[in-house]
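# Geometric and topological summary
Each chain, written out:
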Amino acid sequence: MSRSALIVIDMLNTYAHEDADALVPSVREALPGITTLLRHARACAAPVLYVNDNFGEWRSHHGEILKAALDGRHRDLVEPVAPDEDSLFVVKARHSIFFETPLAYLLSQLGAERLVLCGQVTEQCVLYSALDAHIRHFDVVVAADAVAHIDADLAGAALRMMRTNMSATICGAEEIAFDA
């Protein structure tokens, strides 16, 4: 069993929110890094978990969230990172992937000790998730080229905070290995 898990944060997105126009160019830049991480994790049979906002649709499930994202304004940003049949899925309501979700329990069942984070938004959900992972004693890795931002300055500060305050490893997607 892999001790590393890949966490894909909020990539199933309709891009129908007020910050979407500022976010989309950065998502385009992050897509190659995210697809690299997905390919590497899947090749090593490491767990891949999608933790995604449900956009207030409390009757939705992962299939509906994926369909809404694929039917949204930017299908081209969703299709390359869509979950496969082995992917796990957790719905979140707030910024952190841990806040009132079963994620910590699921990760303990998987034996995960190291979390590789990618997705959006660097200065919001990725930052808060990294902090919550750190305080739960997970090793945190963030692929800087596989996270998207709304504000580049805040994203840079967030990555520095993760490295300095949370002992996160910040590196490129190609540098991250998943144990087989």
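Everything here concerns the structure above.
Conventions and cut-offs
- Every chain is numbered independently, its residues counted from 1 as its sequence is written.
- For this predicted model, a pLDDT threshold of at least 70 governs which residues receive local features, and a threshold of 80 or more governs which side-chain atom pairs are given and counted, while totals over whole chains, interfaces and linings are taken from all residues.
- Side-chain descriptors were evaluated using all non-hydrogen atoms of the structure, hydrogens and water having been removed beforehand.
- Strands are runs of DSSP state E lasting at least 2 residues, helices are runs of H or I lasting at least 4, and numbering of each runs from the N terminus.
- A simple rule labels every residue: compare its accessible area, found with a 1.4 Å probe on the protein chains alone, to the largest value its type can have, and call it buried under 20%, exposed over 50%, or partly exposed in between.
- Here, two residues are considered to be in contact whenever any of their heavy atoms come within 4.5 Å of each other.
- Note on areas: Shrake-Rupley with a 1.4 Å probe; residue coverage comes only from the protein chains shown.
- Note on charges: Lys and Arg go in the positive column, Asp and Glu in the negative column, and His and the chain ends are not counted at all.
- Working definition for charges: the position is that of NZ of Lys, CZ of Arg, CG of Asp or CD of Glu.
- Directions pointing from the helix axis toward each C-beta atom define the arc.
- Two N or O atoms count as a polar contact when they lie within 3.5 Å, although within protein this holds only if one can serve as hydrogen donor and the other as acceptor, and sequence-adjacent residues are included solely when both atoms are side-chain atoms.
- Any two strands are treated as partners once DSSP identifies two or more bridges connecting them.
- In what follows, salt bridge is the name for a side-chain nitrogen of Lys or Arg lying within 4 Å of a carboxyl oxygen of Asp or Glu.
- In these notes, a set of buried Ala, Val, Leu, Ile, Met, Phe, Trp, Tyr and Cys residues joined through side-chain atoms within 4.5 Å is what counts as a nonpolar core.

## Focus: the overall build of the protein chain
- Looking only at helices and strands, the protein chain has six helices and six strands in total.
- Taking the principal axes of the C-alpha coordinates as reference, the protein chain spans close to 35 × 35 × 30 Å.
- Residues counted as buried form 51% of the 180 residues belonging to the protein chain.
- Counting contacts in the protein chain only where the partners sit at least 6 residues apart, residues at least 24 apart contribute 82% of the total.
- On the protein chain, roughly 8600 Å² of surface is accessible, and the fraction owed to carbon and sulfur atoms is 52%.
- Of the side-chain charges in the protein chain, 14 are positive and 25 negative, and the distance between the mean point of each set is 1 Å.

## A few points about helix α2 (residues 62–70)
- Along α2, the positions that sit buried rather than exposed are Ile65, Leu66, Ala69 and Leu70. Down the axis of α2, the smallest arc covering the buried residues is 130°, so these residues share one side.
- Next to the buried residues of α2 lie β2 (48–53), α3 (75–78) and β3 (88–92).

## Things to note about the side chain of Ser26
- For Ser26, the position within the fold is in helix α1 (residues 20–43).
- A relative accessible area of 6% places Ser26 in the buried class.
- Within the local environment of Ser26, its side chain forms a polar contact with the backbone nitrogen of His149, the two atoms lying 2.9 Å apart.

## Some details on the pairing of β2
- Where burial is concerned, most of β2 is hidden: six out of the six residues are buried.
- Burial of β2 is two-sided: the residues Val48, Tyr50 and Asn52 facing one way and the residues Leu49, Val51 and Asp53 facing the other way are all buried.
- Both strand β1 (residues 4–9) and β2 contribute to a ladder of four bridges, which runs parallel. Pairing of Ile7 across the sheet is with Leu49, part of β2.
- By the bridge criterion, five bridges tie β2 to β3 in an arrangement that is parallel. Along β3, the bridge assignment pairs Leu49 with Leu88.

## Remarks on the side chain of Glu123
- Note on placement: Glu123 falls in helix α5 (residues 122–135).
- Arg160 provides the closest opposite charge to the buried, salt-bridge-free Glu123, at an N-O distance of 11 Å.
- A distance of 2.9 Å separates a polar atom in the side chain of Glu123 from the backbone nitrogen of Ile150.
- What Glu123 contacts, discounting residues up to four positions off in sequence, is Tyr128, His149, Ile150, Asp151, Leu154, Ala155 and Ala158.

## Quick look at the nonpolar core
- The biggest cluster of nonpolar side chains holds 36 residues, and the ones touching the most others in it are Leu6, Tyr15 and Leu37.
- Every element with two or more residues in this core is listed here: β1, α1, β2, α2, α3, β4 (114–120) and β5 (139–148).
- Here this core takes 10 residues from α1, the largest share from any one element.
- Aside from chain neighbours lying at most four places away, what touches Leu6 is Leu37, Leu38, Ala41, Pro47, Val48, Leu49, Val116, Cys118 and Phe178.

## A closer look at the pattern of salt bridges
- Counted by the stated rule, this structure contains nine salt bridges.
- Among the ionic pairs, Asp10 bridges to Lys92, the shortest N-O distance being 3.0 Å. Taken together, the positions of Asp10 in the loop between β1 and α1 and Lys92 in strand β3 put the pair 82 residues apart, joining distant regions of the chain.
- Given a relative accessible area of 7%, Asp10 falls into the buried group.

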